[in-house]
Amino acid sequence: MSRKRVAILISGRGSNMSALIEAARAEDYPAEIVLVISNRPEAAGLARAQASGIATAIVDHTRFGSDRAAFERALNTELQAYRVDLVCLAGFMRILTPWFVGRWSGRMLNIHPALLPQFKGLDTHRRALAAGVKQHGATVHFVVPEMDSGPIVAQDWVPVLEGDTEQTLARRVLEVEHRLYPQALRAVAEGRATPIASAAGKSAG
Ligand code: GAR
């Protein structure tokens, strides 16, 4: 079976992107990373991708003003040019319209730093600490028009420890993310991803 051609969309640091690139180096990995696109020209992840020999593109959303459709058409043009099969959002901080999401329906994944459906949106670690949850984690899900809401492909949790700060908790969750995303992409690329029920709220203490 030929490997799925994957594009990763980033806005910043790109550590999840790097984890996917690293995983895809393995010969038996069912996907190859063919393109990294950033909506921010200054994203640190771009240099990381280039250092790994991956093609990069910048589609700067500020060039399109408030015209989201034009921005997304430009994204889509890049994805088509590279004959992309699957899209992975990895710290991509733009909300996508139903048109773009529909275009990639069932073929676009996102990683979110929380146990969805808990803590959709931003500042998940701060909100998890404020809520006093005992477990926190990360989720990979298919993207649907409603933000952070699509069918869950993979999820894993970490304990929230006494004395945790946003930074210590973020670090612990990020380790999970780097493990989880490559596993989830593998499952989707092999066509064996089945939506799982969220573990959020299930207890281990
Ligand atoms: C990651 O923690 C990712 O889960 C989160 O942004 C970070 C990006 O880090 N994504 C979101 O919050 C999406 N709503 P990275 O650029 O090092 O992968």
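Just above sits the structure.
Residues numbered from 1 in each chain as written. Predicted model: local features only at pLDDT ≥ 70, side-chain atom pairs only at ≥ 80, totals over all residues. Heavy atoms only, no water.

**Student:** Would you mind showing me how to read the overall build of the protein here?
**Tutor:** Summing up its helical and strand segments, the protein has six helices and seven strands in all. Sequence-ordered secondary structure for the protein, helices as α and strands as β, is β-α-β-α-β-α-β-α-β-α-β-β-α. In terms of overall size, the protein behaves like a compact globule, its C-alpha atoms giving a radius of gyration of 17 Å where 205 residues would be expected to give roughly 17 Å. For the protein, the spread of C-alpha atoms along the principal axes amounts to about 50 × 40 × 30 Å. Per-residue burial over the protein gives 49% buried out of 205 residues. Intrachain contacts of the protein at a sequence separation of at least 6 include 64% that bridge at least 24 residues. For the protein, the accessible area works out to roughly 9,800 Å², and carbon and sulfur atoms hold 51% of it. Both charge centroids of the protein, one from 24 positive and one from 20 negative side chains, sit 2 Å from each other. (Helix = DSSP H or I, 4+ residues; strand = E, 2+ residues; numbered from the N terminus. Rg over C-alpha atoms; globule rule 2.2 N^0.38 Å. Buried < 20%, exposed > 50% of the residue type's maximum accessible area, 1.4 Å probe, protein only. Contact = heavy atoms within 4.5 Å. Areas by Shrake-Rupley, 256 points an atom, 1.4 Å probe, with all protein chains shown as cover. Lys, Arg positive; Asp, Glu negative; His and termini not counted. Charge placed at Lys NZ, Arg CZ, Asp CG, Glu CD.)

**Student:** Looking at this structure, I do not really get the packing of helix H1 (residues 15-24) against helix H2 (residues 44-51). What am I missing?
**Tutor:** Packed helix pairs are characterised by how far apart their axes lie and by the angle those axes make with each other. Look at H1 against H2: their axes get within 9 Å of each other, and the N-to-C directions meet at 15°. Taken together, H1 and H2 sit at an angle that is classed as roughly parallel. With respect to the hand of their crossing, H1 and H2 are arranged in right-handed fashion. Only Gly45, Arg48 and Ala49 of H2 make contact with H1, whose side of the interface consists of Ser15, Met17, Ser18 and Ile21. Class assignment for the residues of the contact of H1 with H2 results in three nonpolar, three polar and one charged. (Axes fitted to C-alpha atoms, helices over the stretch in contact; angles between N-to-C directions. Parallel < 35°, antiparallel > 145°, perpendicular 65-115°, else oblique. Left-handed = near helix turned anticlockwise from the far one by under 90°. Nonpolar A, V, L, I, M, F, W, Y, C, P; charged D, E, K, R; others polar.)

**Student:** Is there a simple way to think about the pattern of salt bridges in this case?
**Tutor:** Pairing between side chains of opposite charge can happen when the charged atoms of each approach one another. Applying the stated rule across the entire model yields eight salt bridges. Across the salt bridge formed by glutamate 42 and arginine 40, the nearest N and O atoms sit 3.8 Å from each other. A residue is classified by how much of its surface remains accessible, and glutamate 42, at 57% relative accessible area, is exposed. For glutamate 190, the salt bridge identified is with arginine 186, shortest N-O distance 3.0 Å. Relative accessible area serves as the criterion here: at 22%, arginine 186 is assigned to the partly exposed category. If you follow the salt bridges from partner to partner, you end up with Asp28, Arg186, Glu190 and Arg192 in one network. (Salt bridge = Lys/Arg side-chain N within 4 Å of Asp/Glu carboxyl O.)

**Student:** Explain the packing of aromatic side chains here, please?
**Tutor:** Two measures describe an aromatic ring pair: the distance that separates the ring centres and the angle between the ring planes. The full count for this structure, using the stated rule, is two aromatic pairs. Directly above the aromatic system of tryptophan 104 lies the positively charged group of arginine 103, at a separation of 5.0 Å from the ring centroid. (Phe/Tyr/Trp six-rings, centres within 6.5 Å; stacked < 30°, edge-to-face > 60°. Lys NZ or Arg CZ within 6 Å of the ring centre and 35° of its normal.)

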